Amino acid sequence: MRARRLLPLALLGLALPAAAVEYGKVLPEKSQITFTSRQMGVPVSGKFGRFAAQVAFDPARPEAGKATIEIELASIDAGSAEADEEVVGKNWFQTKAFPSARFVSTSVKPLGGGRYEVRGPLTLRGHTQDVTAPFAFKTDGQLAVLDGTFVLKRLDFGVGQGAWGDTDTVANEVQVGFRFVVAPASPGGAK
Amino acid sequence: MSREHELKAPVSYTPVAIGLHWLVALLIFFAWPMGVYMHDLPLSPQKLQYYAWHKWAGVTVFLLAILRLAWRTSHPAPALPEAMPRWQRQAATGLHHLLYLLILVIPLSGWLMSSAKGFQTVWFGLVPLPDLVGKDKELGELLEEVHEALNFTLLGIVGVHVAAAIKHHLVDRDDVLSRMLPFLRRREN
Ligand code: HEM
Ligand code: HEM
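Thresholds, definitions, all that
- Residues numbered from 1 in each chain as written.
- Chains lettered and ligands numbered in written order.
- Predicted model: local features only at pLDDT ≥ 70, side-chain atom pairs only at ≥ 80, totals over all residues.
- Heavy atoms only, no water.
- Contact = heavy atoms within 4.5 Å.
- Buried area = accessible area lost by both parts, 1.4 Å probe.
- Salt bridge = Lys/Arg side-chain N within 4 Å of Asp/Glu carboxyl O.
- Polar contact = N/O pair within 3.5 Å; in protein donor to acceptor, adjacent residues only side chain to side chain.
- Helix = DSSP H or I, 4+ residues; strand = E, 2+ residues; numbered from the N terminus.
- Nonpolar A, V, L, I, M, F, W, Y, C, P; charged D, E, K, R; others polar.
- Pairing = 2+ DSSP bridges.
- Buried < 20%, exposed > 50% of the residue type's maximum accessible area, 1.4 Å probe, protein only.

Time to look at the interface of chain A and chain B. Where interface size is given, it is often the accessible area lost as the parts come together that is meant. In this complex, chain A contributes 15 residues to the contact, which on the side of chain B involves 16 residues. Together chain A and chain B conceal approximately 1300 Å² of surface at their shared face, both sides included; 68% is due to carbon and sulfur atoms. Together, Met40, Glu82 and Trp164 of chain A form the three largest contributors to the area buried by chain A at its contact with chain B, with a combined 40%. Inspection of the region where chain A meets chain B yields 1 salt bridge. For the salt bridge of Glu82 of chain A with Lys47 of chain B, the shortest nitrogen-to-oxygen distance reads 2.7 Å. Remark: the boundary between chain A and chain B carries 2 residue pairs in polar contact (both at pLDDT 80 or more). Broken down by secondary-structure element, the contributors of at least two residues to the side of chain A that touches chain B are strand E3 (42-48) and helix H3 (81-87) of chain A. Here the residues of the side of chain A that touches chain B are counted per class, giving 8 nonpolar, 5 polar and 2 charged.

Rendered as structure tokens:
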């Protein structure tokens, strides 16, 4: 452990030991942001096609990890053409007024066993609330895979107005999943 | 009941057969128009509810159809009236077989369609049915057409079935309808 604490110093000038890679380049085509809602008790999954994610993570210094994620809400695939049309409308995301959702991490803490927890404000449809998401870190060759989920309460963000406020048909809880595949930061990068 | 059972050709349907026949009929009279109605609704919580109710009723029909067939194998139907011409008896038997087939394959096509469209079926919101096919837009649309075609076949056959039942009762004045609808029997006496 002690050796690991010294690694930040090592980073300043010395060659990087293999275990202390800082990952910083998200590969968008390998990454994904998905969600599962419950409609009349039926789990229905979807995903977002376009998002910009900046992730910096070094397993040797998880507390220094950072993530900024901006999701283009209109890129949603909500499971069917009919649903895609509905969810960008005024009762749901109202993408005309709120085109994107944004998450900025404020802290990352280790949970042990290759698991971590990231926390920070999520802004969606004009509402900002802190969310906390546990995630797992794995390496896959040169790449890092950060895999996590959290439960978002859609009504906290005003998502699903009017008749859609009825949580008996569409549950308030939406399971959000993310998987970021991250390459090592380019050498000499300031992050 | 056990005495009736021993007879080769019972004179009436068992109460179980009668109960299942009408329960299935009621569920279909609910699910059928619901299917047509819900399809054209704009997306809303009601629409999701109607889809769920439609599927729950349809899956229930499927289970009751299996029960019915199981019951039927050990409890034969009463013989058709001697007075009926041969072709009518054959037609009646043939259409009954088709009806049994349809109340199995219509729910099956609906279930597969739902899976192909990416919506699992969860019976009464409690019992998830496995998705036997994966999400596949084209397959989903094909199965929707199959479901629709089968349903219009059912509509036609039930039309004939009901017309025949009424004709038996009002024109032939035999007991074909009353043995499936026992409360009509009193009027016969
Ligand atoms: C005996 C049982 C059933 C009957 C009589 C029935 C009848 C119908 C009818 C008449 C329609 C409208 C067809 C049209 O005009 O487009 C329909 C649509 C539909 N049925 Fe069924 N159905 C049955 C069972 C099921 C089951 C078990 C499921 C699923 C588990 C199901 C799922 C659907 C769906 C999803 C549609 C709508 C297709 C769409 O609008 O996209 N049905 N059904
Ligand atoms: C969608 C609804 C219906 C289905 C799927 C259906 C199906 C069937 C089937 C499979 C049988 C044969 C029973 C057997 O021999 O094991 C039967 C018998 C019968 N059904 Fe229906 N039926 C429906 C609706 C109706 C309606 C609305 C009427 C009344 C007007 C009716 C009247 C009868 C009668 C009278 C029999 C007895 C025929 C006989 O004694 O041989 N059914 N039905």
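This is not the end of the story, as more comes after the structure.
Here the focus is the pairing of strand E9 (residues 115-124) of chain A. All names here are of chain A. Summarising the sheet, strand E7 (residues 100-104) and E9 pair through 2 bridges and their orientation is antiparallel. Residue pairing for E9: Arg102 is matched across the bridge by Thr123. Bridge count between strand E8 (residues 107-112) and E9: 5 bridges; the pairing is antiparallel. Among the inter-strand pairings, Pro110 is bridged to a residue of E9, identified as Tyr116. Hairpin connection from E8 to E9: 2 residues lie between these consecutive antiparallel strands, with Gly113 at a positive phi of about 65 degrees. Of the pairings in the sheet, the one linking E9 to strand E10 (residues 127-140) comprises 10 bridges and is antiparallel in character. Note on E10: the bridge partner recorded for Leu124 is His127.

Our next topic: the pattern of salt bridges. Residue and element names in this part refer to chain B. One pass over the structure, following the stated rule, counts 11 salt bridges over all chains. For Glu144, the salt bridge is made with Lys117, and the minimal N-O distance between the two is 2.5 Å. Taken as a pair, Glu144 in helix H5 (residues 137-172) and Lys117 in the loop between helix H4 (86-116) and strand E1 (122-123) lie far apart in primary sequence, 27 residues in all. The class of Glu144 is partly exposed, set by a relative accessible area of 23%.

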